[in-house]
Amino acid sequence: MASKSGPSTVPADVAAAAAAAAAKPKRVRTGCLTCRERHLKCDEGVPDCQNCKKSNRECKRGVRLNFIDTTIKNPPITPPTEEWDVVFQDESREIASEYRGGLSRYAAIDIEAEGDVVPKEESTFDFADPMIQAPVLAHQQLPSQQIPPGGVEAYAASMQPMQDQSRDQHQRHGSTNSDSTFSSHTIGAASVSSYNNTKQTLTPPSETREVLTDPEELLFMQVFVEEVGIWMDSMDPYKHFSRLLPFDSLSEPMLLNAFLACGARHLVLVNPAYQEDKALHYYDSATRLLLRQLQNPYRDTVICATTAVILNVYEIMCEKPLQRMNHIAGARALIKECGWNATSVGVGAACFWLNVGMELLSCLHFNWQVAWNPNDWGLDMDFSGPTGPGREEIWTYRILWILGKVANFRALMTPRSSDPPQDHMRIQNRYEEWKILKDWCDAWDSSVPRTMQPLGRSHPFQQTSKSLFPEVWLIKRATVIARMFYHTALICLAQTNPMISVSQQEVQDMQEMQMQNAQTLCGIIAHVKDRYRSHQIDRPLDNLLMAFRGVASVALRSIHHAGECLISRPEQEEVLTIVNKIHKETGWGINFVIEGLIKKWGWNDQDNLQQPLNYGFQQQATATSLPPAPPTKSIPSGIPNPMYARADFGQPIHPYQNYYVAPQHPPGGQNFNHF
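For clarity, every value in this text was computed on a predicted model and none was experimentally measured.

Reading guide: rules and limits
Residues numbered from 1 in each chain as written. Predicted model: local features only at pLDDT ≥ 70, side-chain atom pairs only at ≥ 80, totals over all residues. Heavy atoms only, no water. Helix = DSSP H or I, 4+ residues; strand = E, 2+ residues; numbered from the N terminus. Buried < 20%, exposed > 50% of the residue type's maximum accessible area, 1.4 Å probe, protein only. Contact = heavy atoms within 4.5 Å. Areas by Shrake-Rupley, 256 points an atom, 1.4 Å probe, with all protein chains shown as cover. Salt bridge = Lys/Arg side-chain N within 4 Å of Asp/Glu carboxyl O. Core = buried A, V, L, I, M, F, W, Y, C linked by side-chain atoms within 4.5 Å. Phe/Tyr/Trp six-rings, centres within 6.5 Å; stacked < 30°, edge-to-face > 60°. Lys NZ or Arg CZ within 6 Å of the ring centre and 35° of its normal. UniProt positions renumbered as here; feature names shortened; annotations may be inferred. Patch = residues over 30% accessible without salt bridge, like charges linked within 9 Å, V, L, I, M, F, W, Y side chains within 5 Å. Expected span 1.5 Å × (residues − 1). Disulfide = S-S within 2.5 Å. pLDDT = per-residue confidence, 0-100. Axes fitted to C-alpha atoms, helices over the stretch in contact; angles between N-to-C directions. Parallel < 35°, antiparallel > 145°, perpendicular 65-115°, else oblique. Nonpolar A, V, L, I, M, F, W, Y, C, P; charged D, E, K, R; others polar. Lys, Arg positive; Asp, Glu negative; His and termini not counted. Arc of directions from axis to C-beta.

**Points about the overall build of the chain**
And then number 1: Secondary structure assignment for the chain yields 20 helices and 2 strands.
And then number 2: Expressed as a percentage of its 675 residues, the buried residues of the chain come to 50%.
And then number 3: Considering only contacts within the chain whose residues lie at least 6 apart along the sequence, 74% involve residues at least 24 apart.
And then number 4: Counting every atom, the chain has about 34,100 Å² of accessible surface; 53% of that belongs to carbon and sulfur.

The structure is reproduced here in structure tokens:
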């Protein structure tokens, strides 16, 4: 049977649509971008299509993709390990900033924290040594920072530009201080250039710098290593701050800026040709980098804690009244976060002992209790162990521990009550505690290695230096520091013996003990000698001038306590001479020492003030020319150190408020613990 062909079953409208689609030209996928922007069909001619030739336009070539599938999925959560970290970075803002008007398409990220006070763009820091001036305990705002929206997630997007900018600044060449060297003895004022007038040239960022090539940075680093780091390492056998950490700073801009800030600050103290602008610049840079790192949960907490400790040193080197305490409590909180204590090794031990040593000196001045109780340090106080050479630092830690206990004992002294039986019981209990502290001092002195005993001793009449104090010759710097702590502890114990209020014999014994240790302590400090090398101007180059570079901080505090015990006018004048020499060589502020000593000695009458001082000390050091002392009524004594009262990130109000983010991995496996 033959088949019959019937009429088509396709609707007419469908057939017409199909015919129109077949007649419509297909969309060109490889045409130029210029024709696509003009919505014209491109003939795909190369190098220029016909449309662009006719209209005399640039024929732009490229690939423009149309994303149809916009499904967004969160990245998988990978737990970090000790070997590597994962940080998700959004670089879109940085990439957009390279195009004209690109950054303006993004919303501003300057979001002020609620209740914060944003300081001026140009910081005017006003710090002082917590061992020297009375602090204002009100919370102060840290340097201004832009906090990216989104908290932790947005950290990486804002971190990279700051790191690149910091590295670029350290790659500058052609500084106006190109002729300056640290070993030169005269540095003209003309060689000091203002940072604001320095032209900066951006160079490609470098992860690790081989050496310091900028003459200015080289000078500041040399000053830090040879002048500041030397006393920071006075209790560290490995000399981390002056020998090891400077090399690590070549790859850590935050650490490098902190070192340079301290070096520049020291030059400001000893050389009037230098101004504070450079020191403040490096201090601000290190602080801002530290605050940004504290927002990163995957940061290296060891580097952060070390940087904070160095910035703390910068703050105590400032001679103006202390009005802000940015890194004093912050350094302590970061040390606790790292778990550093007396059992730590490496850079952790160096930071811990430097921090508690500075706090102890401050507490001795203000008569405060040490905030970190020595019982919680974890120090081995077994004196029966090895006592051979090479263990001097361990015995230095032990006498520091004893001095901390003595400081707490002294701060807890209370006046006699109106109840005689109760007062007698209290005195008896206090005397038992006093005897334990005295026995510890005696046991320490009899147990230390022979290398920590004096190698020589001579009476004043046997000397050619015309000093009124005995010469006590100690060799190692750690030994000098330890002996200062030891005699300071005995002086404090002689002043706090509870039995002197009931026994006249105890009064005489304690006066003799106090005077003997005060004269010995002054003799140790008066005869510290070293080969003199200085970068200061207008100074004679005596090969055997006083050299306090490694012991200045402890010597200044110790001689203050010892000088108060002296009753002979010539001895008092020599103490003022020693204090003046410490100031000339190190730049440390001495007004608080001079004012306290003159007031203690009763030199405020007109007859004494008009008499010239011997041993080269000038008349302007008297009380009449000193600035007014800060009010002491607002500083109660006997309390725990208020500067460290909130130095713990576990408290609701802690240091680095609004910047601190808890780390996501422990600090134990991080790179600085290889020391």
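Here the narrative resumes, following the displayed structure.
**Section: the pattern of salt bridges**
And then number 1: Considering all chains together, one arrives at 13 salt bridges under this definition.
And then number 2: Between Lys 476 and Glu 392 there is a salt bridge, with its nearest N and O atoms 3.2 Å apart. One end of the pair, Lys 476, is in the loop between strand 2 (471-473) and helix 15 (477-495); the other, Glu 392, is in helix 13 (residues 392-411), and 84 residues separate them in sequence.
And then number 3: Through salt bridges with shared partners, a single network forms among Glu 392, Glu 393 and Lys 476.

**Regarding the nonpolar core**
In globular proteins that are soluble, nonpolar side chains generally tend to be buried together.
And then number 1: Core analysis: the biggest nonpolar cluster contains 151 residues, and Phe 241, Trp 353 and Trp 444 have the highest contact counts within it.
And then number 2: Here this core takes 14 residues from helix 12 (residues 347-366), the largest share from any one element.
And then number 3: Other than its neighbours up to four places away in sequence, Phe 241 contacts Phe 224, Met 232, Asp 233, Pro 246, Phe 259, Thr 306, Val 309, Ile 310, Ala 350, Cys 351 and Leu 354.
And then number 4: If you look at the next biggest cluster of nonpolar residues, it comprises 6 residues, including Cys 35, Cys 42, Cys 52 and Cys 59.

**Some thoughts on the packing of aromatic side chains**
The geometry of two aromatic rings is summed up by the distance between their centres and the angle between their planes.
And then number 1: One pass over the structure, following the stated rule, counts 15 aromatic pairs.
And then number 2: Relative to Trp 440, the ring of Trp 401 lies with its centre 5.0 Å away and its plane at 65°, an arrangement referred to as edge-to-face. Of the two residues, Trp 401 is situated in helix 13 and Trp 440 in helix 14 (residues 420-447); the sequence distance between them amounts to 39 residues.
And then number 3: What makes Trp 401 buried here is its relative accessible area of 7%.
And then number 4: For the ring pair Trp 444 and Tyr 486, a centre distance of 5.4 Å and an interplane angle of 25° mean the geometry is stacked. In this pair, Trp 444 is assigned in helix 14 and Tyr 486 in helix 15, connecting sequence segments 42 residues apart. The pair formed by Trp 444 and Tyr 486 is uniform in burial state, with each residue classed as buried.
And then number 5: Site record: aromatic cluster; members linked through ring pairs are Phe 352, Trp 353, Trp 372, Trp 377 and Tyr 397.
And then number 6: In this arrangement the basic side chain of Arg 483 is found over the ring face of Tyr 486, its NZ or CZ atom lying 5.3 Å from the centre.

**Concerning the environment of Leu 354**
And then number 1: Among the structural elements, Leu 354 can be located in helix 12.
And then number 2: As for Leu 354 and Val 309, which are separated by 45 residues in sequence, their C-alpha atoms are 8.3 Å apart.
And then number 3: Those residues in contact with Leu 354 that lie beyond four places of it in its chain are Trp 231, Met 232, Phe 241, Val 309 and Val 313.

**Considerations on the UniProt feature "domain: Zn(2)-C6 fungal-type" (unreviewed entry) in the chain**
And then number 1: Per the UniProt record, "domain: Zn(2)-C6 fungal-type" (unreviewed entry) is found at residues 31-61.
And then number 2: The span residues 31-61 is 39% helical and 0% strand by assignment, and the distance between its end C-alpha atoms comes to 8 Å.

**Side note on a nonpolar patch on the surface**
And then number 1: Taken together, Leu 455, Trp 473 and Ile 475 make up a surface patch of nonpolar side chains, about 360 Å² in accessible area.
And then number 2: Relative to the helices and strands, Trp 473 is located in strand 2.

**With respect to helix 9 (residues 276-294)**
Turn by turn, an α-helix covers 3.6 residues, leaving residues three or four places apart pointing in a common direction.
And then number 1: For helix 9, built from 19 residues, the straight-helix expectation of 27 Å at 1.5 Å per residue is met to within 8% by its first-to-last C-alpha distance of 27 Å.
And then number 2: Of all the 19 residues making up helix 9, 17 are buried; the element is thus mostly covered by neighbouring parts of the structure.

**Some words on the state of the cysteines**
And then number 1: Tallied over the entire structure, the rule returns 0 disulfides.
And then number 2: Cysteine Cys 42 shares no disulfide, and the gap to the nearest cysteine sulfur, in Cys 49, comes to 3.8 Å.
And then number 3: According to the relative accessible area criterion, Cys 42 is buried, its value standing at 5%.

**Thoughts on the confidence of the model for the chain**
And then number 1: Put simply, the chain has an average pLDDT of 75, and 66% of its residues get 70 or more.
And then number 2: Per-residue pLDDT, averaged within each element of the chain, yields its smallest value for helix 20 (residues 606-610) (42) and its largest for helix 13 (96).
And then number 3: Counting interchain partners and residues more than four positions distant, the pLDDT-below-50 stretch residues 1-8 has 0 contacts.

**Focus: the packing of helix 6 (residues 215-232) against helix 8 (residues 253-270)**
And then number 1: Interhelical geometry of helix 6 versus helix 8 gives an angle of 75° and a closest axis separation of 7 Å. Between helix 6 and helix 8, the angle falls in the class roughly perpendicular. Along the contact surface, helix 6 presents Glu 217, Leu 219, Phe 220, Met 221, Val 223, Phe 224, Glu 227 and Val 228, while helix 8 presents Leu 256, Phe 259, Leu 260, Cys 262, Gly 263, Ala 264, His 266 and Leu 267.
And then number 2: For the contact of helix 6 with helix 8, a count of residues per class yields 12 nonpolar, 2 polar and 2 charged.

**Overview of the side chain of Arg 410**
And then number 1: With respect to the element layout, Arg 410 can be found in helix 13.
And then number 2: Buried charged residue Arg 410 carries no salt bridge. Nearest counter-charge: Glu 564, at 6.7 Å.

**Describing unusual backbone geometry**
And then number 1: For the peptide bond that leads from Val 46 to Pro 47, omega is 0°, which places it in the cis range.
And then number 2: In this structure, Pro 47 sits in the loop between helix 2 (33-38) and helix 3 (50-55).
And then number 3: Look at Glu 44: it is not a glycine, yet its phi comes out positive at around 60°.
And then number 4: By relative accessible area, Glu 44 is classed as partly exposed at 36%.
And then number 5: Backbone geometry places Asn 56, a non-glycine residue, at a positive phi of 55°.
And then number 6: Take Asn 56: it is sitting in the loop between helix 3 and helix 4 (92-96).

**Quick word on helix 7 (residues 240-248)**
And then number 1: All buried positions along helix 7 are accounted for by His 240, Phe 241, Ser 242, Leu 245, Pro 246 and Asp 248. Along the axis of helix 7, the buried residues cluster in a sector spanning 150°; they form a single face. Facing away from the buried side of helix 7, by more than 90 degrees, are the exposed residues Arg 243 and Phe 247.
And then number 2: Packed against the buried residues of helix 7 are helix 6, helix 8, helix 10 (301-317) and helix 12.

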